[in-house]
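Chains, contacts and geometry: an overview
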Amino acid sequence: QVQLVESGGGLVQAGGSLRLACAASGGIFSFYAMGWFRQAPGKEREFVAGISASGGSTDYADSVKGRFTISRDNTKKMVYLQMNTLKPEDTAVYYCAANTGRRSMATLRTLYDFWGQGTQVTVSS
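Everything numeric here is computed off the predicted structure, so don't read it as measured data. What you see as residue numbers is a count from 1 along each chain, following the sequence as written. With the structure being a predicted model, the display of local features is reserved for residues of pLDDT at least 70 and the display and counting of side-chain atom pairs for 80 or more, all residues being used for whole-chain, interface and lining totals. Hydrogens and waters are ignored; side-chain quantities use all the structure's heavy atoms.

Focus: the side chain of R38
Secondary structure is summarised from DSSP: a helix means a run of H or I of at least four residues, a strand means a run of E of at least two, and numbering begins at the N terminus for each. Here R38 is to be found in strand β4 (residues 33–39). Three labels apply to residues, based on accessible area from a 1.4 Å probe with only protein chains included: buried if under 20% of the type maximum, exposed if over 50%, partly exposed otherwise in between. Note on R38: relative accessible area 6%, which makes it buried. Side-chain polar atoms of R38 contact the side chain of E46, separated by 2.7 Å. A 3.5 Å cut-off defines polar contacts: any pair of N or O atoms within that distance qualifies, except that in protein one atom must be a possible hydrogen donor and the other a possible acceptor, and neighbouring residues in sequence count only when both atoms are side-chain atoms. Separated by 3.4 Å, the side chains of R38 and S63 make a polar contact. The contact partners of R38, leaving out residues within four places of it in the chain, are E44, R45, E46, V48, S63, V64, F68, E89, D90, A92, V93 and Y94. Should any heavy atoms of two residues lie within 4.5 Å, those residues are counted as being in contact.

What follows is the structure, given as structure tokens:
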């Protein structure tokens, strides 16, 4: 069983930055891929960024490429999402997710089997 706890959300003006963090417990953290997803009101939960178990491979949604960076620290069992140049359309609840079935990163939501409770990010214009 894997538990995930996100932190770092908040209210920021457009153009600003936030860094989300996700603390993992349970399982062998360095063996599984991780991802960040987000869900805005009235919309489907969507992939934002993913990272492989080793941290050597990453992928991003087109909407955040060049602005967001995902990283992980396997010694601390942490995964991060650095968000720069934030836009009002980035407003959403952000979720950390674990894909314990594979080491390579994935974009499909259905491949992730453990989820955090989410953290709200609000970007004002």
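Having seen the model, we can carry on.
Describing the packing of aromatic side chains
Aromatic ring pairs are reported here in terms of the distance separating the ring centres and the angle at which the planes meet. In this scheme Phe, Tyr and Trp rings, the latter by its six-membered ring, pair at centre separations within 6.5 Å, and the angle between planes marks the pair as stacked below 30 degrees, edge-to-face above 60, and tilted otherwise. Going through the model one piece at a time under the given rule, you end up with 5 aromatic pairs. Centroid distance F29 to Y32: 5.7 Å. Interplanar angle 80 degrees. Geometry classified as edge-to-face. Between F37 and F47, the ring centres sit 5.7 Å apart and the planes meet at 75 degrees, which makes this aromatic pair edge-to-face. Taken together, the positions of F37 in strand β4 and F47 in strand β5 (residues 46–51) put the pair 10 residues apart, joining distant regions of the chain. Exposure class is identical for F37 and F47. Each is buried. Joined through ring pairs, the aromatic side chains of F37, F47, Y112 and W115 make up one cluster. Here, over-ring charges are defined by two tests on the NZ atom of lysine or the CZ atom of arginine: distance to the ring centre within 6 Å, and angle to the ring normal within 35 degrees. A cation over an aromatic ring shows up here: R45 above the ring of Y95, its NZ or CZ 3.6 Å from the ring centre.

Considering unusual backbone geometry
Phi is positive for K77, close to 60 degrees, though the residue is something other than glycine. Within the secondary structure layout, K77 lies in the loop between β7 (68–73) and β8 (78–83). With a phi angle near 45 degrees, T85 is a residue other than glycine that sits in the positive phi range. Within the element layout of this structure, T85 appears in the loop between β8 and β9 (92–99).

Remarks on the nonpolar core
Across soluble globular proteins, nonpolar side chains show a tendency to be buried alongside one another. Counting 35 residues, the largest nonpolar core has L4, M34, W36, L81, M83 and Y94 as its most contacted members. Elements supplying a minimum of two residues to this core: β3 (18–25), β4, β5, β7, β8, β9 and β11 (119–124). Top element by residues in this core is β9. It accounts for 5 residues. The contact partners of M83, leaving out residues within four places of it in the chain, are G16, S17, L18, L20, R67, F68, Y94 and V121. Residues enter a nonpolar core if they are buried and are Ala, Val, Leu, Ile, Met, Phe, Trp, Tyr or Cys, with the set joined through side-chain atoms within 4.5 Å.

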